[in-house]
Structure formats: structure tokens, C-alpha cells
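# Fold and geometry: a report
Take a look at the letters that make up each chain.
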Amino acid sequence: ATVIPMRRRQIQWPVLDQTNTTAGRPAWYGGVLAKWTEEAAQKDETEPAFRQINLTAHKLVCYTEASDELLEDSAVSLEALLASLYRQSIAWYEEHAFINGTGAGQPRGVINAPATFAQGRAAVGAIGIVDIINMLEHFQGSNPIWLISRSCLPSLMQLSGPSGNASYVF
């Protein structure tokens, strides 16, 4: 996640407007257009379009109470154990929200984001090579990611490509 320091609970933040879906013009660059031209010809000005989004800060916390005696008499450093436990717990909850979050009191995860593309399967309940090819068509940017459930791994590892080679995908 990109952490944006905020002095208030809510702020307006400028982002590229990537909602234009004109055929033959990619929306990813906020409307910036490139045109072929001859040398010394007039050049058309192009500017990206921006829009404002509302960022709302949400807090994820862990809290416990421990007596002085418990802290002093513990065979291990209870303070260090709790700090480690809380860091790991918060990291798990953040990752889960970044993927599955609803946006209500937590981040909106990529699965629930309007820009997320979900590819329908050719065969219900199965993953086929055609599904993989159709998903790859929508990869954009320099670091796209693909999220799958662990339960999909056996199906993926057994896929055969057009050559009939079982290791075609991997």
C-alpha cells in the first residue's frame, strides 16, 4: 500500500481520470494522446485529465492489558512477544483488507475495486487454458498481479497447452 500522511481524517486527492473508454485510446494514461506527425509539423497539445477522490483514514489497532506482575514474572519478554504478535496480526489484517476490503471502515480491496477485471470461465467450476489466455489479455502496466485461491493451484498445475505438454503453463 502507498501510505499517504494525513493531518485530517479525510482529504481530497488528485488521481488520473482513467474512466474514458474511447475505442483505440487507452484510458490508463488519463487521456494523454500520442500522435504520429511529420518533421517540423504543428504539434497538438495533450494533457492528462485528473479527478479528485476522497481518502478517509481508518485505524487498525490491537489492545490488551497486562498486570505489572505478569510483565515482571514472565519467563519470556511478554512485551516483546506481544509487540511481535501484534505486528504480525496487523500485517495479516492489512493484507486481507487490501485484497478483500469492502471500503466500509477499512480499505477497499482490489477485489471490490471498480477497476478490477473478473474473467468469466469457459467451463463453470473449472480453469482452462482459454481462461488463462483471456486473463492475460487484460494485464496492463509494468507490474500487474494475478490473485488466485490456493484451491486453484492443482487445476493450474495440471493445465495442458495446445501442444499437449502438461508443463506448458509452468
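What counts as what
- Counting from 1, residues in each chain are numbered in the order their sequence is written.
- Predicted model: local features are reported for residues with pLDDT of at least 70 only, side-chain atom pairs are reported and counted for 80 or more only, and whole-chain, interface and lining totals are derived from all residues.
- Only hydrogens and water are set aside when side-chain values are computed; all heavy atoms of the structure are taken into account.
- Only DSSP runs of H or I reaching four residues or more are called helices, and only runs of E reaching two or more are called strands; each is numbered from the N terminus.
- Only C-alpha atoms enter the radius of gyration, while the globule expectation follows 2.2 Å times N to the 0.38, with N the number of residues.
- Relative accessibility under 20% of the residue-type maximum defines a buried residue, over 50% an exposed one, and the middle range a partly exposed one, all with a 1.4 Å probe and only protein chains included.
- Between two residues, a contact is recorded if the distance between any of their heavy atoms is within 4.5 Å.
- We define the nonpolar core as a collection of buried residues of types Ala, Val, Leu, Ile, Met, Phe, Trp, Tyr and Cys that are connected through side-chain atoms lying within 4.5 Å of one another.
- The criterion for an aromatic pair is that two Phe, Tyr or Trp rings (for Trp, the six-membered ring) have centres within 6.5 Å, with stacked assigned to planes under 30 degrees apart, edge-to-face to planes over 60 apart and tilted to the rest.
- A residue's pLDDT is the confidence the predictor assigns to it, expressed on a 0 to 100 scale.
- Within this analysis, patches are made of residues with over 30% relative accessible area and no salt bridge. Like charges are joined at 9 Å or less; nonpolar side chains (Val, Leu, Ile, Met, Phe, Trp, Tyr) at 5 Å or less.
- Only the protein chains shown count as cover for residues, and all accessible areas are computed by the Shrake-Rupley method using a 1.4 Å probe.
- One speaks of a salt bridge when a side-chain nitrogen belonging to Lys or Arg is within 4 Å of a carboxyl oxygen belonging to Asp or Glu.
- Residues scored as positive are Lys and Arg, those scored as negative are Asp and Glu, and His as well as the terminal groups of each chain are ignored.
- Taken as the charge location is NZ of Lys, CZ of Arg, CG of Asp or CD of Glu.

### A closer look at the overall build of the protein
When you go through the protein residue by residue, the secondary structure sums to four helices and two strands. Counting helices and strands in the order they occur from the N terminus, the protein gives β-β-α-α-α-α. The C-alpha atoms of the protein give a radius of gyration of 24 Å, which is well past the 15 Å a tight globule of 170 residues would have. Dimensions of the protein along its principal axes, counting C-alpha atoms only, are 80 × 50 × 30 Å. When the 170 residues of the protein are sorted by exposure, 9% land in the buried category. By sequence separation, contacts in the protein at least 24 residues apart represent 45% of the contacts at least 6 residues apart.

### A word on the nonpolar core
Within the largest apolar cluster, six residues are counted, these being Ile127, Ile132, Met135, Cys152, Leu156 and Leu159. Ignoring sequence-local partners within four residues, the contact set of isoleucine 127 consists of Arg121, Ile132, Cys152, Ser155, Leu156 and Leu159.

### Remarks on the packing of aromatic side chains
Scanning the model with the defined rule gives one aromatic pair in all. Summarising the aromatic geometry, the rings of tryptophan 92 and tyrosine 93 are spaced 5.0 Å apart at their centres and angled 85 degrees between planes, so their arrangement reads as edge-to-face. Accessibility expressed as a relative area gives 47% for tyrosine 93, which makes it partly exposed.

### Here's the deal with the environment of isoleucine 11
Note that isoleucine 11 resides in strand S1 (residues 10-16). Between the alpha carbons of isoleucine 11 and threonine 56 there is a distance of 6.8 Å; along the sequence they are 45 residues apart. If we skip the residues at most four places from it in the chain, isoleucine 11 touches Ile4, Met6, Ile53, Asn54 and Leu55.

### A closer look at the confidence of the model for the protein
Per-residue confidence for the protein averages 84 on the pLDDT scale, and 94% of its residues sit at or above 70. The element-level mean pLDDT for the protein is lowest in helix H3 (residues 129-136), coming to 81, with helix H2 (residues 78-100) highest at 93.

### Considerations on unusual backbone geometry
Most peptide bonds take the trans form, and the phi angle of most residues other than glycine is negative. In this structure, alanine 40 is a non-glycine residue whose phi angle is positive, near 65 degrees. Along the chain, alanine 40 turns up in the loop between S1 and strand S2 (50-56).

### Regarding a negative patch on the surface
Together, Asp68, Glu69, Glu72 and Asp73 make up a negatively charged patch on the protein surface. Note on placement: aspartate 68 falls in helix H1 (residues 68-73).

### Things to note about the pattern of salt bridges
Scanning the entire structure with this criterion turns up one salt bridge. Note that lysine 35 and aspartate 44 form a salt bridge whose closest N and O atoms lie 3.4 Å from each other. The burial state of lysine 35 is the same as that of aspartate 44; both residues are exposed.

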